[in-house]
Amino acid sequence: MDKYIGTNKIEEEEEQQQQIMTFLLYVEFDATTESTATMILESLNKMADLVHRDHPKVYTYVFRHANEEKTKLIFTEIYGDEQVFLDHGRDAEFGKLLQQAFDTTTGKSRKELCIRSDSNSPFSSITSTILNEYLHVTYVSLQQGFFHRNSTENNDVQLLIVCTGCDQDVYEHLNAVVNCVTCLTFEESDGNRQLIGVITNISGKEQPTTEKKPSIHTIEIVCSNEDTIQKFKEIIDNHFQVQSISVQTKFSGYIRHKSLL
């Protein structure tokens, strides 16, 4: 028994250490034209193929149009540690595609967030240079949740959600009804509580509908499977009060690295 307790403690400590090392980049980018936005997503899709081939610790690497504007793009990237962030861009073909997609003529970012569990823990000088001088990120601390978790459930779906205007109970309630391998909340300077989640199972955890539903202002759902989207929307309707939902079925990259499924 003591052996198992010790093993569990080691696993918990390893998971906590991994959470400290892992970070998420969330970027909103304004392309100059719709055709440029399409070109950028095409380049990013090829870049994602290279990243997926070589870097399983890049857990999530997904890029898409924003529903409200065809020139606005949204990027969500989760890196297992600082080293894989540096390594994933060193491939020569990746570099060519990056230069093709992003220069002074293709557009500019309107928001760049780097979400960490400990925003006071310094990055290396080279990582800081990339994040601060090239991406110009704003550092945001994790409020609650986890960047990455190995799932023991059947991973039968891949679905990314980005929520804004969340009640305090949304995080706990969501994890009670679906299986998340990423689920975290954070607030920007305006106090708007937001949640980003990667969901790999939406069956088997259904809870009775409650009278008082936690409220969410907006949900963006990113998923290529229409049946999965419909089932998830039914869960959302049963358990949350949501003002608006947008859906993206087409995107570049991947929601969850296949080695983790």
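Quick caveat: nothing in here was measured; it's all calculated off a predicted structure.

A. The sheet that holds strand S11 (residues 241-248), seen in detail. Taken together, six strands build an open sheet; the order of strands is S6-S8-S9-S7-S10-S11 and the sheet is mixed. Two strands in the sheet have a free side with no partner beyond their single neighbour: strand S6 (144-146) and S11. The mean angle between the axes of side-by-side strands here comes to 20 degrees, regardless of whether they run parallel or antiparallel. Bridge count for strand S8 (residues 179-187) against strand S9 (residues 193-201) is eight bridges, and the pairing is antiparallel. In the strand pairing of S9, Thr-182 is matched with Val-198. In the packing of helix H6 (residues 170-177) onto the sheet, contacts are made with S6, strand S7 (159-164), S8, S9 and strand S10 (215-222), and the angle to S8 comes to roughly 175 degrees. Along the sheet, helix H7 (residues 226-239) contacts S7, S9, S10 and S11; its crossing angle with S10, the most-contacted strand, is approximately 170 degrees.

B. Spatial organisation of helix H5 (residues 125-134). Taken residue by residue, H5 has Thr-127, Ser-128 and Leu-131 as its buried positions. The arc that holds the buried residues of H5, viewed along the axis, is 95 degrees, so those residues lie on one side. Turned more than 90 degrees off the buried face of H5, the exposed positions are Ser-125, Glu-133 and Tyr-134. Among the structural elements, strand S1 (23-31), helix H3 (82-87), strand S4 (107-116) and strand S5 (138-141) are those in contact with the buried residues of H5. Downstream of H5 by one or two residues, His-136 has phi in the positive range, about 55 degrees.

C. Highlighting the sheet that holds S1. Read from one edge to the other, the open sheet built from six strands follows the order S5-S4-S1-S3-S2-S12, with strand pairing classed as mixed. Each of the sheet's edge strands pairs with one partner strand only, and the pair in question is S5 and strand S12 (252-254). On average, each strand axis in the sheet is tilted by 20 degrees relative to the strand beside it, whichever way the strands run. The pairing of strand S2 (residues 58-66) with S12 spans three bridges and is antiparallel. Considered in S12, the bridge of Phe-63 is made with Ser-252.

D. Structural detail: the packing of aromatic side chains. Applying the stated criterion to the full structure yields 11 aromatic pairs. Arranged with centres 5.3 Å apart and planes meeting at 85 degrees, the rings of Phe-29 and Phe-102 form a pair that is edge-to-face. Of this pair, Phe-29 sits in strand S1 while Phe-102 sits in the loop between helix H4 (92-101) and S4, and the two are 73 residues apart along the sequence. What makes Phe-29 buried here is its relative accessible area of 6%. Owing to a relative accessible area of 18%, Phe-102 belongs among the buried residues under this scheme. In this structure, Arg-116 is placed above the aromatic ring of Phe-123, and the distance from its NZ or CZ to the ring centre is 3.8 Å. Just above the ring of Phe-146 sits the side chain of Arg-149; from NZ or CZ to the centre is 3.7 Å.

E. Structural detail: the pairing of S9. In terms of burial, S9 is largely enclosed, as nine of its nine residues are buried. Looking at chain direction, S7 and S9 are connected through five bridges and run antiparallel. The residue of S9 that forms the bridge with Leu-159 is Ile-199. Linking S8 back to S9 in an antiparallel pair, the connection comprises five residues, with Gly-191 at a positive phi of about 80 degrees.

F. Representation of unusual backbone geometry. Of note in this structure, His-136 is not a glycine but carries a positive phi near 55 degrees. Of note, His-136 is situated in the loop between H5 and S5.

G. Summary view of the confidence of the model for the protein chain. Averaged over all residues, the pLDDT of the protein chain is 90; the fraction at 70 or higher stands at 90%. Here residues 3-7 scores under 50 on pLDDT; set against residues more than four positions off or in separate chains, the count is zero contacts.

H. Structural context of the packing of helix H2 (residues 34-54) against H4. Where H2 contacts H4, the axes come no closer than 9 Å and their chain directions differ by 165 degrees. In terms of their interaxial angle, H2 and H4 are classed as roughly antiparallel. H4 is crossed by H2, and the crossing has left-handed handedness. Touching Met-39, Ile-40, Ser-43, Lys-46, Met-47, Leu-50 and Val-51 of H2 are Glu-93, Phe-94, Leu-97, Leu-98, Gln-100 and Ala-101, all from H4. Along the lines of polarity and charge, the residues of the contact of H2 with H4 split into nine nonpolar, two polar and two charged.

I. Spotlight on the nonpolar core. By size, the foremost hydrophobic cluster in this structure holds 31 residues, and its most contacted members are Ile-40, Leu-44, Tyr-61, Phe-75 and Tyr-79. Element by element, the count of residues in this core is highest for H2, at eight residues. Apart from residues lying up to four places away in sequence, Tyr-79 is in contact with Met-21, Thr-22, Phe-23, Leu-25, Lys-57, Val-58, Tyr-61, Val-84, Phe-85 and His-88. Counting residues in hydrophobic clusters, the runner-up holds 25 residues, among them Cys-183, Leu-195, Ile-229 and Phe-240.

About the thresholds
Residues numbered from 1 in each chain as written. Predicted model: local features only at pLDDT ≥ 70, side-chain atom pairs only at ≥ 80, totals over all residues. Heavy atoms only, no water. Pairing = 2+ DSSP bridges. Helix = DSSP H or I, 4+ residues; strand = E, 2+ residues; numbered from the N terminus. Axes fitted to C-alpha atoms, helices over the stretch in contact; angles between N-to-C directions. Contact = heavy atoms within 4.5 Å. Buried < 20%, exposed > 50% of the residue type's maximum accessible area, 1.4 Å probe, protein only. Arc of directions from axis to C-beta. Phe/Tyr/Trp six-rings, centres within 6.5 Å; stacked < 30°, edge-to-face > 60°. Lys NZ or Arg CZ within 6 Å of the ring centre and 35° of its normal. pLDDT = per-residue confidence, 0-100. Parallel < 35°, antiparallel > 145°, perpendicular 65-115°, else oblique. Left-handed = near helix turned anticlockwise from the far one by under 90°. Nonpolar A, V, L, I, M, F, W, Y, C, P; charged D, E, K, R; others polar. Core = buried A, V, L, I, M, F, W, Y, C linked by side-chain atoms within 4.5 Å.

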